[in-house]
Protein chains: 2
Amino acid sequence: MNPYIQPIELEKAYRLLNHGPTVLVSAQHEDERNVMTAAWACALELVPAKVSVVLDKSTKTRKLIEASGYFILQVPTLKQIKLVQQLGAISQFNDPQKLEHCHTPLFQFEDYPLPAVEDCAAWLICELISEPHNQQTHDLFIGKVVAAYADSRVFRNGHWYYHEVSSEWKSLHHVAGGHYYTIGDPVDANKCL
Amino acid sequence: MNPYIQPIELEKAYRLLNHGPTVLVSAQHEDERNVMTAAWACALELVPAKVSVVLDKSTKTRKLIEASGYFILQVPTLKQIKLVQQLGAISQFNDPQKLEHCHTPLFQFEDYPLPAVEDCAAWLICELISEPHNQQTHDLFIGKVVAAYADSRVFRNGHWYYHEVSSEWKSLHHVAGGHYYTIGDPVDANKCL
């Protein structure tokens, strides 16, 4: 594994999502695996760390999560924008070779047989908290974060360092139709009071 | 009302939140009103437009929403960072004059007796969809968007124009402890394929 990837304390895992990035959602069931893009992911609780993500009924990734009970939310970077856009635009139901056609570089974290995407800035490995009403009525999936990791070049000591690395590391924030904004500059509100 | 504030089609209201900004949450019940800051707000459905927001049991705004069934999610700007930080740090339970002490400039949209914050970039007026399990177990509140507005200087024709206006208009993305990032530069993924 990339030696820059370091574990994150679970009580600080929310900081990986707090700035509202568009994420990649990974899942695997038996020998089937998939990755999709999602803009509607959010922290839900600090301790125990929980997250929510909206997964449409038309997605293959949803089916894999329902079957396996696990998923990864990962924070991609500007360098990966082509991959992020394609993983959101192509369904594995239409293209069974989606991951290969998108040239999706995958690896695994020890103990978690899930397809993690290389070169992301952060990864939250989640155990599904089964909530049939939320899943059926709202397409809303809730996960308990069981492990979290970040690339220490851009997140360490509980803080993002987007402003200290090249712009290719910046998070992506989708608006609509392939139009994204990257994350911008840091502001310390404590200095404004 | 500020003539730049224009209504947004409900099916495009998700675009006001899709880039993951930290929001201000407003509510009013009878003659009590409050505004608080929240980073855990997210779009939930396109049509009918729905949103989710996490509201801790310790907040006064939550009590007002439970009593009245309505709230506003609004997207503040860098110019408002002092207000955003204070509205998130101070509880009205501790300081009944919170809104006055934070110098919170308020107005109302016609037909909606709710305290909207002036100078934001966008406003989503929401009717609570009562879900006791989500509210009690996850502090998760779901709203149906009944009206949406944006300041046309920074959002019009379904798109943000953060890159065409001065930086004081940029959205705020909280990480932790008063440390925010502003939104950055636009990227069109369609040109990367």
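Note that the coordinates shown come from a computational prediction; the quantities given were computed from them, not determined experimentally.

### As for the overall build of chain A
Here's step 1: A tally of helices and strands in chain A yields four helices and 14 strands.
Here's step 2: For 193 residues, the compact-globule estimate of 2.2 N^0.38 gives 16 Å, and chain A sits close to it at 16 Å.
Here's step 3: Based on the C-alpha atoms only, the size of chain A along its principal axes is roughly 50 × 35 × 35 Å.
Here's step 4: Residue pairs at least 24 apart in sequence account for 66% of intrachain contacts in chain A once pairs closer than 6 positions are excluded.
Here's step 5: Put simply, chain A shows about 7800 Å² of open surface, and 48% of that area lies on carbon and sulfur atoms.
Here's step 6: For chain A, the distance from the average site of its 16 positive side-chain charges to the average site of its 22 negative ones is 4 Å.

### A short note on the UniProt feature "domain: Flavin reductase like" (unreviewed entry) in chain A
Here's step 1: In the numbering adopted here, UniProt assigns the feature "domain: Flavin reductase like" (unreviewed entry) to residues 15–162 of chain A.
Here's step 2: Segment residues 15–162 of chain A splits into 20% helix and 43% strand. End C-alpha atoms: 13 Å apart.

### Regarding the interface of chain B and chain A
Here's step 1: Opposite the 51 residues of chain B that make contact, chain A presents 51 residues.
Here's step 2: Roughly 4400 Å² is buried in total at the junction of chain B and chain A, and carbon and sulfur atoms are behind 61% of that figure.
Here's step 3: Where chain B packs against chain A, one counts zero salt bridges.
Here's step 4: Our enumeration of links across chain B and chain A arrives at 29 residue pairs in polar contact (both at pLDDT 80 or more).
Here's step 5: Looking at the side of chain B that touches chain A, the elements with two or more residues in it are strand S4 (41–45), strand S5 (50–54), helix H2 (81–89), helix H4 (132–138), strand S10 (140–151), strand S13 (172–176) and strand S14 (179–188) of chain B.
Here's step 6: Counting residues per element, the side of chain B that touches chain A draws most heavily on S14 of chain B, at ten residues.
Here's step 7: Within the side of chain B that touches chain A, the residues separate by chemical class into 26 nonpolar, 18 polar and seven charged.
Here's step 8: Sheet topology note: the strand S14 (residues 179–188) of chain A/S14 of chain B ladder contains seven bridges and is antiparallel.

### Digging into the pairing of strand S5 (residues 50–54) of chain A
Residue and element names in this part refer to chain A.
Here's step 1: Counted residue by residue, S5 has five buried out of five residues, so it is predominantly covered.
Here's step 2: Residue alternation in S5 divides its side chains into two sets, Lys50, Ser52 and Val54 and Val51 and Val53, and both sets are buried.
Here's step 3: Two strands pair when backbone bridges link them, and strand S4 (residues 41–45) and S5 are joined in this way by four bridges, in the antiparallel orientation. Counted as the bridge partner of Ala41 is Val53 from S5.
Here's step 4: The hairpin turn running from S4 into S5, its antiparallel successor, is four residues long.
Here's step 5: Looking at chain direction, S5 and strand S10 (residues 140–151) are connected through five bridges and run antiparallel. Note on S10: the bridge partner recorded for Val51 is Gly143.

### Side note on helix H1 (residues 60–68) of chain B
Residues and elements named next belong to chain B.
Here's step 1: Inspection of H1 places Lys60, Thr61, Arg62, Leu64 and Ile65 among the buried residues, and these make up the whole buried set.
Here's step 2: In this fold, the buried residues of H1 make contact with strand S2 (23–29), strand S3 (32–38), strand S6 (70–75), strand S9 (122–129), H4 and S10.
Here's step 3: The N-terminus of H1 is capped by Thr59, whose side-chain oxygen sits 3.3 Å from the backbone nitrogen of Arg62.
Here's step 4: Directly after H1, the chain includes Gly69, whose backbone phi takes a positive value near 80°.

Cut-off values and rules
Residues numbered from 1 in each chain as written. Chains lettered and ligands numbered in written order. Predicted model: local features only at pLDDT ≥ 70, side-chain atom pairs only at ≥ 80, totals over all residues. Heavy atoms only, no water. Helix = DSSP H or I, 4+ residues; strand = E, 2+ residues; numbered from the N terminus. Rg over C-alpha atoms; globule rule 2.2 N^0.38 Å. Contact = heavy atoms within 4.5 Å. Areas by Shrake-Rupley, 256 points an atom, 1.4 Å probe, with all protein chains shown as cover. Lys, Arg positive; Asp, Glu negative; His and termini not counted. Charge placed at Lys NZ, Arg CZ, Asp CG, Glu CD. UniProt positions renumbered as here; feature names shortened; annotations may be inferred. Buried area = accessible area lost by both parts, 1.4 Å probe. Salt bridge = Lys/Arg side-chain N within 4 Å of Asp/Glu carboxyl O. Polar contact = N/O pair within 3.5 Å; in protein donor to acceptor, adjacent residues only side chain to side chain. Nonpolar A, V, L, I, M, F, W, Y, C, P; charged D, E, K, R; others polar. Pairing = 2+ DSSP bridges. Buried < 20%, exposed > 50% of the residue type's maximum accessible area, 1.4 Å probe, protein only.

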